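# Structure at a glance
Here's the letter readout for the chains.
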Amino acid sequence: DVVIGYIHRGIEKLSENRTWTQIILLTDRMDYVAAATNNIGYCETVEKLMDIEVPRRAHYIRTILAELQRIASHCLWLGTHAMDIGAMTVFLYAFRERELILDLFEEYCGARLTYNSMRIGGLPLDIPTGWDRKVLEFCDIMESKIPEYEQLLTNNRIWLERTKGIGVISGPDATAIGLSGPPLRASGVLRDIRKDEPYAAYNEFEFDIPLGSRGDTYDRYLVRIEEFRQSLRIIRQAIDGLPEGPVMGKVPRLIKPPAGETYHAIESPKGELGYFIVSDGRATNPYRLRVRPPSFCNLQGLKPLIIGHLVADVVSLIGTIDIVL
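Since this is a predicted model, take the numbers as computed values, not measurements.

### So, the sheet that holds strand β1 (residues 260-268)
- Here we have three strands laid out as an open sheet, ordered β1-β2-β3, and antiparallel in their pairing. The open sheet has two edge strands, β1 and β3 (288-292), and neither has a second partner. Within the sheet, the average angular offset between the axes of one strand and its neighbour, ignoring direction, is 10°.
- With nine bridges connecting them, β1 and strand β2 (residues 271-279) associate as antiparallel partners. Counterpart to Ser268 in the pairing with β2 is Gly271.
- On top of the sheet, helix α3 (residues 35-50) reaches β1, β2 and β3; it is set at about 150° to β1, its chief contact.

Now the structure itself:
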């Protein structure tokens, strides 16, 4: 049984006692293997409430960082998921590529895990000289390594026995539970916030949304593998078309949004990450902050997924949801 609450960290209540800028640090810690996407989601929510115009160059760099983060998160998912089922080599391969992404993040903002890499209104700093070239070099490396992952797993007899037909969930059932991200798309539901409600610079790029048909553990694996390729496609377009200009918009020194409330969601590596914030118009901290985290909502799918399977399958089903608790 899924029992929620033992590791509740009270980030929402902490946020209500911090200034709007200090909260960015806290968002890093919610999904600590996808910190950059948490930063983007929060900053864009405040920007929406304050009606701040973010420079186009900042939007492009945010998109590059978000897709690098998606690849890094999926590398960690693939390596740990495969290791849970018994494939040790994939873990070593996936972390080899993830390390290259962490190097890029470290060069950009000085951190490897929790980045604090966004600011309300744009970015704290521009990309270093030559960083864009290094990102393209990484894209070439990553593209050459994806076939290695597939060679190890996609037609592997043991992998197929442990994933095909395991944890099947239909599109309507997945929608009813509130699943989002790859687990929802693997059930054939075409829902991706990057396409449906574009943010950052996603409306300027061409990319496809991978879909599954059976909604089992194997389909969820295939969807994420294809997301590797689509993320590389987005990054290359963003680097090639990176505009000149500032990376920070016009933001008052003291951030105090007008009285009101708003909700804004982005497509994190694990699904829909949404922020609901309320400002009373007077304080330098939110009156209320509520997070709609993808891991918390996707975890609700575990119970219906495991019914009728073996205890041994629970390990692969927890892995296929890709949760950070």
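### Some points on helix α6 (residues 131-153)
- With 23 residues, α6 extends 33 Å between its outermost C-alpha atoms, agreeing within 8% with the 33 Å of an ideal straight helix rising 1.5 Å per residue.
- Among the residues of α6, Trp131, Val135, Phe138, Cys139, Met142, Lys145, Ile146, Tyr149 and Leu153 are the ones counted as buried.

### Some thoughts on the pairing of β2
- Burial within β2 is extensive, with eight of its nine residues counted as buried.
- Where β2 and β3 come together, five bridges link them in antiparallel fashion. Bridging across to β3, Tyr275 finds its partner in Val291.

### Things to note about the nonpolar core
- Of all hydrophobic cores here, the largest spans 79 residues; its most connected members are Tyr42 and Leu68.
- Those residues in contact with Leu68 that lie beyond four places of it in its chain are Ile101, Leu104, Phe105, Trp131, Val135, Phe138 and Ile235.

### Some remarks on the environment of Pro198
- Tracing the backbone shows Pro198 in the loop between α10 (193-196) and α11 (217-240).
- Sequence-wise, Pro198 and Val135 are 63 residues apart; in three dimensions their C-alpha atoms are separated by 23 Å.
- What Pro198 contacts, discounting residues up to four positions off in sequence, is Ile193 and Asn203.

### A look at a nonpolar patch on the surface
- On the surface, Val3, Tyr6, Ile7 and Leu325 cluster together into a nonpolar patch covering about 500 Å² of accessible area.
- In this fold, Tyr6 is placed in the segment before α1 (11-15).

Cut-offs and rules
- Residues numbered from 1 in each chain as written.
- Predicted model: local features only at pLDDT ≥ 70, side-chain atom pairs only at ≥ 80, totals over all residues.
- Heavy atoms only, no water.
- Pairing = 2+ DSSP bridges.
- Helix = DSSP H or I, 4+ residues; strand = E, 2+ residues; numbered from the N terminus.
- Axes fitted to C-alpha atoms, helices over the stretch in contact; angles between N-to-C directions.
- Contact = heavy atoms within 4.5 Å.
- Expected span 1.5 Å × (residues − 1).
- Buried < 20%, exposed > 50% of the residue type's maximum accessible area, 1.4 Å probe, protein only.
- Core = buried A, V, L, I, M, F, W, Y, C linked by side-chain atoms within 4.5 Å.
- Patch = residues over 30% accessible without salt bridge, like charges linked within 9 Å, V, L, I, M, F, W, Y side chains within 5 Å.
- Areas by Shrake-Rupley, 256 points an atom, 1.4 Å probe, with all protein chains shown as cover.
- Salt bridge = Lys/Arg side-chain N within 4 Å of Asp/Glu carboxyl O.

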